[in-house]
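# Results of the structural survey
Chain by chain, the residues:
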Amino acid sequence: NDSRMREIMQYILANLDHEISLNDLADIVSLNASYLSALFKKETGMTYTEYVMFCRLEKAKELLADTGKSIAEIADAVGYHDTRHFSKLFTRNIGLKPSEYRKLYS
């Protein structure tokens, strides 16, 4: 299970800009989606969806601080193709608007 979880986590990080379904991921590691969902929660303390969002927002924070990319480009790079939705999600979870985060941490 450890190697499967590492493979899953690496896959998620490498594909943040794409839609990543639990079923597709389960197929990649040859597990039942329900079992993978339970395993994910047990191993990470987060649901699969929460983990993907966490990874996307962490990558967005990194890009905001370290690049000159626009917020729309960053949103797209982490799998959110609607910039307004990305900004609302970022603000709700991080506590700052993406532009405010960039000013504080770049």
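Okay, so let's go over this structure. Nothing here was measured: the structure is a model prediction, and the numbers come from that model.

So, on to the overall build of the protein. A count of helical and extended segments in the protein gives seven helices and zero strands. Overall size of the protein, expressed as C-alpha extent along the three principal axes, is 40 × 20 × 20 Å. In the protein, buried positions account for 33% of the 106 residues. In the protein, of all internal contacts separated by at least 6 residues, the share reaching a separation of at least 24 is 53%. Accessible surface for the protein amounts to roughly 6,400 Å². Of this, 48% is attributable to carbon and sulfur atoms. Here the protein holds 14 positive side-chain charges and 15 negative ones, and the gap between their average locations is 6 Å.

It is characteristic of soluble globular proteins that their nonpolar side chains tend to be buried jointly. Counting 17 residues, the largest nonpolar core has Ile8, Ile12, Leu25, Leu36, Phe40 and Tyr48 as its most contacted members. When contributions to this core are tallied by element, the ones reaching two or more residues are α1 (2–14), α2 (22–28), α3 (33–44) and α4 (48–66). In this structure, Leu25 is in contact with Ile8, Tyr11, Ile12, Leu36 and Tyr48, ignoring residues within four places of it in sequence. Residues Tyr80, Leu89, Phe90 and Tyr101 belong to the second largest nonpolar core, which totals 12 residues.

Okay, the environment of Phe86 next. Among the structural elements, Phe86 can be located in helix α6 (residues 83–94). Separated by 53 residues in sequence, Phe86 and Ala33 place their C-alpha atoms 27 Å apart. Dropping the residues within four chain positions of it, Phe86 is found in contact with Leu57, Ala60, Ile71, Ile74, Ala75, Val78, Tyr80 and Pro98.

What follows covers the pattern of salt bridges. For the structure shown, the criterion picks out two salt bridges. Across the salt bridge formed by Lys61 and Glu58, the nearest N and O atoms sit 3.0 Å from each other. Of this pair, Lys61 and Glu58 both sit in helix α4, three residues apart, which is roughly one turn of that helix. By relative accessible area, Glu58 is classed as partly exposed at 32%.

Take unusual backbone geometry next. Backbone geometry at Ser30 places phi at a positive 55°, although glycine is not the residue there. Within the secondary structure layout, Ser30 lies in the loop between α2 and α3. Under the relative-accessibility criterion, Ser30 is labelled exposed at 61%.

Definitions and limits used
Residues numbered from 1 in each chain as written. Predicted model: local features only at pLDDT ≥ 70, side-chain atom pairs only at ≥ 80, totals over all residues. Heavy atoms only, no water. Helix = DSSP H or I, 4+ residues; strand = E, 2+ residues; numbered from the N terminus. Buried < 20%, exposed > 50% of the residue type's maximum accessible area, 1.4 Å probe, protein only. Contact = heavy atoms within 4.5 Å. Areas by Shrake-Rupley, 256 points an atom, 1.4 Å probe, with all protein chains shown as cover. Lys, Arg positive; Asp, Glu negative; His and termini not counted. Charge placed at Lys NZ, Arg CZ, Asp CG, Glu CD. Core = buried A, V, L, I, M, F, W, Y, C linked by side-chain atoms within 4.5 Å. Salt bridge = Lys/Arg side-chain N within 4 Å of Asp/Glu carboxyl O.

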